[in-house]
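As a plain string of letters, each chain reads:
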Amino acid sequence: MTNPMSAMRSSFAALDPQHFAWSTAHDGRVGVITLNRPSRKNPLTFQSYAELRDLFRDLSYASDIRAIVLTGAEHNFCSGGDVFEIIEPLTRMAIPELLAFTRMTGDLVKAMRACPQPVIAAVDGVCAGAGAILAMASDMRLATPQARTAFLFSRVGLAGCDMGACALLPRIIGQGRAAELLYTGRAMDAAEGERWGFYNALIERDALLTEAIKRAGDLANGPAFAHGMTKTMLAQEWNVSVDQAIEMEAQAQALCMSTQDFRRAFEAFAAKQSPVFEGN
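The residue numbers shown here count from 1 along each chain, following its written sequence. Predicted model: local features are reported for residues with pLDDT of at least 70 only, side-chain atom pairs are reported and counted for 80 or more only, and whole-chain, interface and lining totals are derived from all residues. Side-chain measures were taken over the full set of non-hydrogen atoms in the model, leaving aside hydrogen atoms and water.

1. Details of the packing of aromatic side chains
Here is the rule we go by: Within 6.5 Å between ring centres, the rings of Phe, Tyr and Trp (the latter by its six-membered ring) count as paired, and their orientation is classed by plane angle as stacked under 30 degrees, edge-to-face over 60, tilted in between. Helix and strand assignments come from DSSP, with helices taken as H or I runs of at least 4 residues and strands as E runs of at least 2, each series counted from the N terminus.
Going through the model one piece at a time under the given rule, you end up with four aromatic pairs. Each ring, one from Y49 and one from F101, has its centre 5.7 Å from the other, and the planes form 85°; the classification is edge-to-face. Taken together, the residues Y49 in helix α2 (residues 46-58) and F101 in helix α4 (residues 95-114) connect sequence positions 52 residues apart. Taking the centre distance of 6.3 Å and the plane angle of 90° together, the rings of F151 and F198 count as edge-to-face.

2. Describing the pattern of salt bridges
As a reminder, the rule being used: Take a side-chain nitrogen of Lys or Arg and a carboxyl oxygen of Asp or Glu: if they are within 4 Å of each other, that pair is a salt bridge. Accessibility here uses a 1.4 Å probe with only protein chains present; expressed as a share of the type maximum, an area under 20% marks a residue as buried, one over 50% as exposed, and anything in between as partly exposed.
Counted under the stated rule, the structure contains 17 salt bridges. Between R40 and E85 there is a salt bridge whose closest N-O contact spans 3.8 Å. Taken together, the residues span a long stretch of sequence, with R40 in the loop between β2 (30-35) and α2 and E85 in helix α3 (residues 83-90) at a distance of 45 residues. You can call E85 partly exposed: its relative accessible area is 33%. A salt bridge links E180 to R186; the shortest N-O distance between them is 2.7 Å. Each of R37, R40, D82 and E85 takes part in salt bridges that share partners, so that together they form one network.

3. Considering the side chain of T259
Selection criterion: Two N or O atoms count as a polar contact when they lie within 3.5 Å, although within protein this holds only if one can serve as hydrogen donor and the other as acceptor, and sequence-adjacent residues are included solely when both atoms are side-chain atoms. Note on contacts: a residue pair is in contact if any heavy atoms of the two residues lie within 4.5 Å.
Along the chain, T259 falls in the loop between α11 (242-257) and α12 (260-270). Polar contacts involving the side chain of T259 include one to the main-chain carbonyl oxygen of C256, which spans 2.7 Å. Setting aside its immediate chain neighbours within four residues, T259 contacts F225 and N280.

4. A word on unusual backbone geometry
For H26, which is not glycine, the phi dihedral falls at a positive 55°. With respect to the helices and strands, H26 occurs in the loop between β1 (21-25) and β2. Here the phi dihedral of E74 falls at roughly 55°; this positive angle occurs in a residue that is not glycine. Turning to its location among the elements, E74 is positioned in the loop between β3 (67-72) and α3.

5. Side note on the packing of helix α6 (residues 165-173) against helix α7 (residues 175-184)
What counts is decided by this rule: Note on geometry: axes are lines fitted to C-alpha atoms, helical ones only across the stretch in contact, with angles between N-to-C directions running from 0 to 180 degrees. Each angle gets one of four labels, with under 35 degrees taken as roughly parallel, over 145 as roughly antiparallel, 65 to 115 as roughly perpendicular, and the rest as oblique. Left-handed describes a crossing whose near helix is turned anticlockwise from the far helix through less than a right angle; right-handed describes the clockwise counterpart. In the scheme used here, Gly and all other residues not listed as nonpolar or charged are polar, with Ala, Val, Leu, Ile, Met, Phe, Trp, Tyr, Cys and Pro taken as nonpolar and Asp, Glu, Lys and Arg as charged.
Direction vectors running N to C along α6 and α7 enclose 130°, while the axes themselves pass 7 Å from each other. On the basis of their axis angle, the class for α6 and α7 is oblique. Viewed along their axes, α6 and α7 form a crossing whose handedness is right-handed. Contacts between α6 and α7 involve A165, C166, L169, P170 and I173 from the first element and Q175, R177, A178, L181 and L182 from the second. Tallied by class, residues from the contact of α6 with α7 come to eight nonpolar, one polar and one charged.

Printed below as a string of structure tokens:
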């Protein structure tokens, strides 16, 4: 008998988004999202925000994708919201429309954090404004030495509290460093970003995407259910006491111990083989 919940899952191999590029790697287990408006350094539009939000929400139902790489075309990651297609229209909107927009952009960050797949940002060149937020919201970040990351909101008369920045950035690089970047809007160069822990590693430009896909592939070959649980716990345990976190992890780990992947790992170890995880 077909499991009705399994029947709700579908392949994302043939996804054809309208406002960014999509491809897969590692036998279809890694999805690669490429922001692809290189003539303007890959800015976001109202439509790309919404489509990215919907994609990350839908990834919970993917039968094949186990990790995501998020990158930009032609040596830039993302220059933020498009000045003429987003910023200018916002200056003419009333509060209800503005709030609908800011909630939509925040929903993109929520969707990135809620999808079970680990997300690796591969950052080159300009990574500014909402682009810096997309990198921040990813689970891991790789950058080239040419990457420059700036939370530019104060430069355009806005607060640094955008799309979760005041909650997430201090947890990545510390309160004082986050405050400096959010108040000043200055660019953080790649070496500084790695030193502060924003970037996991610096990779030469010609190897960046290959390395990001390789790391995503390693994650995709791992226990997908358990990775999803790790991602959930990393997010949820910010809001609880240590004792509560320990209990949450006890329950989470017990669930992981009930999976076939846990049994596969034991059987492979006993047979002196490498486990082949299937995500269940």
